[in-house]
Amino acid sequence: MGTGCWAHLLGRKLLFYPSFFKASILCNQPYDARMNSLRDPFSLRNKTPLQILRSPLLQTIQTEVQKAAGPAIDSAVETLESMSFSIPKNVPSFTSPNREFEDVGWAAAKSSVSPRTPKRPVTIGNIAEGAVGGLFGANRDLPLYKDKPYYQSSGRNQKKMYRRKRFFGGLIVVFGLLYWFGYFSGTGTSILPIKKKTKEIVNWEDRREKVKEAFMLSWNAYEKHAWGYDQFFPVTKAGRQMIPKGMGWIIVDALDTMMIMNLTKPLEKAQHWVEHSLTFDQDSEVNTFETTIRMLGGLLSAHYLSQDLKLVPVKKAAEDMYLNKATDLADRLLGAYDSPSGVPFASVNLKSSEGVPSHADGGASSTAEAATLQLEMKYLSKLIGETIYWKKAEKVIEVLDNNGAEDGLVPIFVYADTGNFRGNEIRLGSRGDSYYEYLIKQYLQTKNQEPVYLDMYNAAMSGVKKHLIAKSHPSHLTFIAELPNGIGGDLSPKMDHLVCFMPGLFALGATEGLTVEDARRAEEGVKWGIRQEAELKLARELMRTCYEMYNVTATGLAPEIAWFNLKHGKSDGGEFLEADPSKDIIVKPRDAHNLQRPETVESLFVMWRITDDEIYREWGWKIFEAFLEHTAVGENAKDGFTSLDNVNEVPPTQRDNMESFWLAETLKYLYLLFSPNDLLPLDQVVFNTEAHPFPKFEMGRLFETGWKRLPRDKEGKIIKKGPKEEENPENQKEKDEK
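Going by an unreviewed UniProt entry, the protein chain carries the name alpha-1,2-Mannosidase and comes from Choiromyces venosus 120613-1. Word for word, the UniProt comment on the protein chain under Cofactor (unreviewed entry) is "Ca(2+)".

(A) Main features of the state of the cysteines. For the structure shown, the criterion picks out 1 disulfide. Linked covalently through their sulfurs, C500 and C546 form a disulfide whose S-S length is 2.1 Å. On the sign convention where negative is left-handed, the bridge of C500 and C546, at about -100° about the S-S bond, is left-handed. Linking C500 in the loop between β10 (494-496) and α18 (502-511) with C546 in helix α20 (residues 530-551), this pair joins segments that are 46 residues apart in sequence.

(B) Local environment of unusual backbone geometry. Cis geometry is found at the peptide bond from H473 to P474, where omega equals 5°. Within the secondary structure layout, P474 lies in the loop between β8 (469-471) and β9 (478-480). Cis peptide bonds are those with omega within 30 degrees of zero, and the linkage from V650 to P651 qualifies with -5°. Looking at the secondary structure, you find P651 in the loop between α22 (615-631) and α23 (660-673). With phi around 65°, N448 is a residue other than glycine that occupies positive phi space. Mapping N448 onto the fold places it in the loop between α16 (433-445) and α17 (451-467). Its relative accessible area of 29% is what places N448 among the partly exposed residues. Located in the positive-phi region is D612, a residue other than glycine, with phi close to 65°. Inspection of the secondary structure puts D612 in the loop between α21 (599-611) and α22. When its relative accessible area of 53% is taken as the criterion, D612 is described as exposed.

(C) Representation of the nonpolar core. Ranked by internal contacts, the top residues of the largest apolar core, which has 170 residues, are F215, W219, V274 and I480. Ranked by the residues each element gives to this core, the list is headed by helix α8 (residues 204-226), at 10 residues. No fewer than three residues from each of domain 1 (242-423) and domain 2 (440-568 + 579-692) sit in this core.

(D) Representation of empty space enclosed by the protein within the structure. Within this structure, the stated rule accounts for 4 cavities of 30 Å³ or more. The space that makes up the largest cavity amounts to roughly 130 Å³. Secondary-structure elements contributing two or more residues to the lining of the largest cavity are α16, α18, α21 and β13 (685-687). When grouped by side-chain class, the residues that make up the lining of the largest cavity number 9 nonpolar, 2 polar and 3 charged.

(E) The environment of V647, seen in detail. Following the sequence through the fold, V647 ends up in the loop between α22 and α23. For V647, a relative accessible area of 0% gives the class buried. Look past the residues within four positions of V647 in its chain and what remains in contact with it is T553, A554, T555, L557, A558, P559, A592, H593 and N594.

(F) Broad picture of the UniProt feature "active site" (unreviewed entry) in the protein chain. UniProt records the feature "active site" (unreviewed entry) for E290, D433, E560 and E599 in the present numbering. With respect to the helices, strands and loops of the structure, E290 is situated in helix α11 (residues 288-308). E290 has contacts with W249 and M295, leaving out every residue within four places of it along the chain. Structurally, the position occupied by E560 is in the loop between α20 and β11 (561-564).

(G) Main features of the pattern of salt bridges. Taken as a whole and judged by the stated rule, the model has 34 salt bridges. Salt-bridge contacts for E209 lead to K212; the nearest nitrogen and oxygen are separated by 3.7 Å. With E209 and K212 both in helix α8 and 3 residues apart, this pair spans about one turn of that helix. According to the relative accessible area criterion, K212 is buried, its value standing at 16%. One salt bridge connects D401 with R712, and the closest N-O pair in it is separated by 3.1 Å. Residue D401 is located in helix α15 (residues 388-401), and its partner R712 is located in the loop between β14 (693-695) and α24 (723-726); the two are separated by 311 residues in the primary sequence.

(H) The arrangement of the packing of aromatic side chains in detail. Under the defined criterion, the tally for this structure stands at 21 aromatic pairs. Judged by centre distance (5.6 Å) and plane angle (55°), the rings of W219 and Y222 are tilted. With W219 and Y222 both in helix α8, this residue pair falls 3 residues apart, about one helical turn. There is no split in this pair, since W219 and Y222 are both buried.

(I) Representation of the confidence of the model for the protein chain in the model. This prediction gives the protein chain a mean pLDDT of 80; 68% of its residues lie at or above 70. Considering only residues more than four positions removed or in separate chains, one finds that residues 76-122, a stretch of pLDDT under 50, has 108 contacts. A low-confidence stretch, residues 128-162 stays under pLDDT 50, and its non-local contacts, those more than four residues away or across chains, total 70 contacts.

(J) Inspection of the sheet that holds strand β3 (residues 285-287) at higher detail. Spatial ordering of the open sheet is given by β3-β4-β5, a layout of 3 strands whose pairing is antiparallel. The sheet is open, and its two edges are formed by β3 and β5 (355-356), each paired on a single side. Inspection of the sheet shows strand β4 (residues 347-349) paired to β5 by 2 bridges, in the antiparallel sense. By the bridge assignment, V348 is partnered in β5 with G355.

(K) Structural context of the packing of α16 against α17. It is the contact of α16 with α17, at a shortest axis distance of 7 Å, that shows an interaxial angle of 145°. The handedness of the crossing between α16 and α17 comes out as left-handed. For the pair formed by α16 and α17, the contact residues are Y435, Y436, L439, I440, Q442 and Y443 on the first element and P451, Y453, L454, M456, Y457, A460 and M461 on the second. Of the residues in the contact of α16 with α17, the class split is 12 nonpolar, 1 polar and no charged.

(L) Focus on the side chain of S381. Within the secondary structure layout, S381 lies in helix α14 (residues 374-384). Judged by its relative accessible area of 0%, S381 is buried.

(M) How the structure looks around α16. When the terminal C-alpha atoms of α16 are compared, their 19 Å separation across 13 residues agrees well with the 18 Å that a helix rising 1.5 Å per residue should span. Where burial is concerned, most of α16 is hidden: 13 out of the 13 residues are buried. Looking one or two residues beyond α16, the residue adopting positive phi is K447, at roughly 50°.

The rules behind these values
- Residues numbered from 1 in each chain as written.
- Predicted model: local features only at pLDDT ≥ 70, side-chain atom pairs only at ≥ 80, totals over all residues.
- Heavy atoms only, no water.
- UniProt positions renumbered as here; feature names shortened; annotations may be inferred.
- Disulfide = S-S within 2.5 Å.
- Helix = DSSP H or I, 4+ residues; strand = E, 2+ residues; numbered from the N terminus.
- Buried < 20%, exposed > 50% of the residue type's maximum accessible area, 1.4 Å probe, protein only.
- Core = buried A, V, L, I, M, F, W, Y, C linked by side-chain atoms within 4.5 Å.
- Domains from an automatic or database assignment.
- 1 Å grid on protein atoms, 1.4 Å probe; cavity = no way out; pocket = protein on both sides within 12 Å on 5 of 7 lines; lining within 4 Å.
- Points joined across faces, edges and corners; volume = space filled by probe spheres on them.
- Nonpolar A, V, L, I, M, F, W, Y, C, P; charged D, E, K, R; others polar.
- Contact = heavy atoms within 4.5 Å.
- Salt bridge = Lys/Arg side-chain N within 4 Å of Asp/Glu carboxyl O.
- Phe/Tyr/Trp six-rings, centres within 6.5 Å; stacked < 30°, edge-to-face > 60°.
- pLDDT = per-residue confidence, 0-100.
- Pairing = 2+ DSSP bridges.
- Axes fitted to C-alpha atoms, helices over the stretch in contact; angles between N-to-C directions.
- Left-handed = near helix turned anticlockwise from the far one by under 90°.
- Expected span 1.5 Å × (residues − 1).

This is the structure we're talking about:
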C-alpha cells in the first residue's frame, strides 16, 4: 500500500465513505479494482434508476441540497422515473481472462449478429495470420460505444419561467451527482452501438489481396494436379475430363477473374492453352445451358476485358482469339434451338450440332436453363453483326411468355417440342432461378431499349411478393418459399442457397445499377417511387436472411438448402427481431453440404455497390474467413479448397471437388466486394449468371425486339382474341411483316 492511494482518497474528498477501515482495504486492492471502487463506491452500476432514486444515499443528497433546490429535486425525480431507458449493467471487464470472448460479443452487437465463439487464428499459404482468425480477434480494439438513450417529454407545461429554471436546475444537480459516481464515464456502454465507420480502421485493399491469394492457392493446386482437366479433386489431387479431349471448363471459366485480379503470369499460360489446346470439334453431348454460361460467357467476357477495357496486355496475334473461339462454339450450340417450338433442347452434340432432349423429366428442358442464354447470344450478335444468335435467343422468351403464366411465375419445366410448361411447380431455386434474373438483365444490357423485359420482370416480382414471400418464427426473417403444386397450393418453407441471388436482383431492379442516392435524384431514365423503395427494403431483409444462413451454422458456412420455421401459414408479419435466428432456420442432414456457391456473396457485392452500407462488406469478409478456415485442403491450403459434407460439423468432412464457379464467381465477387467501386461499375456492365461481365450497349439499326407480348389481364393471363379480331387484315399484315 503506497502513499499515492491515500493522497488520491483525500484529494477526492470522499465525505460519504463509511470508514477508515474500508479505505485501507481499498488501498490494498489491485489498481483496476481500486479505480472501479473509486468511481462507483456504492455499486450504483448494479441498480436501476428507481433503486438509486429511492436509496438512503439519494435521501442524504436531497437533504443537503433541499435548501437550495428542494422543489426542483422532486421534479427531477419524477422526470427520471418516466425515462425510457435503464443504466447499462453489462459493462465489459478489461482485466478478465474472458475479455477476448467479450470483445466478440460486443463486436457482434455492433453488426446486429449473434456473437460467436472466437475462432482460432489460422495461417493459410501467404495469407497473414488474422485473416481467418476472426474479424474481431485479440489484435483488434474494442469498438467504441456511447450511452445515447432516447428521452421522452414529461408532458408538463410550465407556465412560469421560475418553475422551469428550478426544474432544470434540479436536473443539473442530480445528473452532476450521477456523473460523480461514474455513470457517464468512458467505460460505460450502450444497448445501441454507435455505427462504426469501418473504412477508418479496415484496410479493404489488404482484404482484397487476401482474396487474390486464395485464388492463387486454388489455381496453383489445379495447375499442379489437374492442368487442362474439366474437373479438379483437391483431396485426391486428381482431375477428370467431361468429354474425351476436355473443354477447358475450369480454365475458360476463370479467365476473366485472372484479368480482373491482374494475374498476368497464370493468365498467359491459360491463354496459351485456350489458343493451342482447346477444341470444340468433338463428337460429344454437352449441356446447352452450362456450356453457354460458362464457356461461351467466359470467352466473350475475356474478349471484352482484354480488347475493350484492355485490363491486360494481349499479343497482337491473339487479339481476336477469344472471339473466334466463342463464335465457333456458338455455331455448334445453335442446333439446340432447332426444336419445333424454338425452346432449346437440354443438350447438344458439339460435332453434329444436333439438339438432344433431356434424358430425364419426361424429356422436358429446365425453364431456367432455356431462358438463361440470351445475354451471351445477344452480345455475340452485337460483336460480329450477325442477327441469327439474337433471334434464336429472344424467340425462347416469346414462347415462354405466350404460355400466360399467372402473376408472372413460371413452372420449372418446359417441353422443347411444344413450348408448353410441364407441371405446376414454382420455385426460385434450382431450375427456376435465372429465368427471372435474365429478364431485368436483358433490359439493362441494351440500355433500357427493350421495355418488354422490364414489364415481364415487374410482373414476376409482383408475383413473388404476392405468393412466395414469407416470414419465419420467431425472428421474422424474410425468405422466399416454394409452391410445389403451383399457385393456390400449400407453401413449402424451403429455400435453396441458389435463391440468395434475389437480394441483389431486387436492388439491381430498383436502381438499375445506380447507387440509391443517385437513383432517387435521377431526372431521366430511372423512375423512383413506392415500388422501388419497397423492393429495396425487401432486398435488405432477404440479404439479412441469406447471411443468417451462414451465421447460424457451426462452420459459418451456409447449407445447400435451408428450411424455415413457420408458426402458421406465412407466419406473422413484422420486422426482424433481435432473437436467435438459429430457431428460425432448420438444416436437415441431407441438405447440409456446401458447394462453395457464390449467390450470397454476389448479392453482398451488389448491395454494397448500391447502398454503400459497409455491413455487407463485413459480412462478406466473415464468410470469406469461414471458407478459408474450413475448406482449405492440405497444409497451408497448398492443395486448394474444396466442398464440404456438413456445415454443422467441426471439423467438417471435406468432399473431394472444387467447382469451377469457386474461381469464376465466388472469389471474383469477393474480390470486387473489397475493390474500389469504379472497377466494373454496375451502371455500365451486366454480369451473366456465371459472373462473366458484359458491357451495356445500344441496339443500333441492326437489332430490334422481334416480338410483342400478347394482351393479358391483371393476373397475367392472356386475353383470348375473338374470331373477328383474329381475321382482321391489319393484324394479318402485321403478322406477315414479322
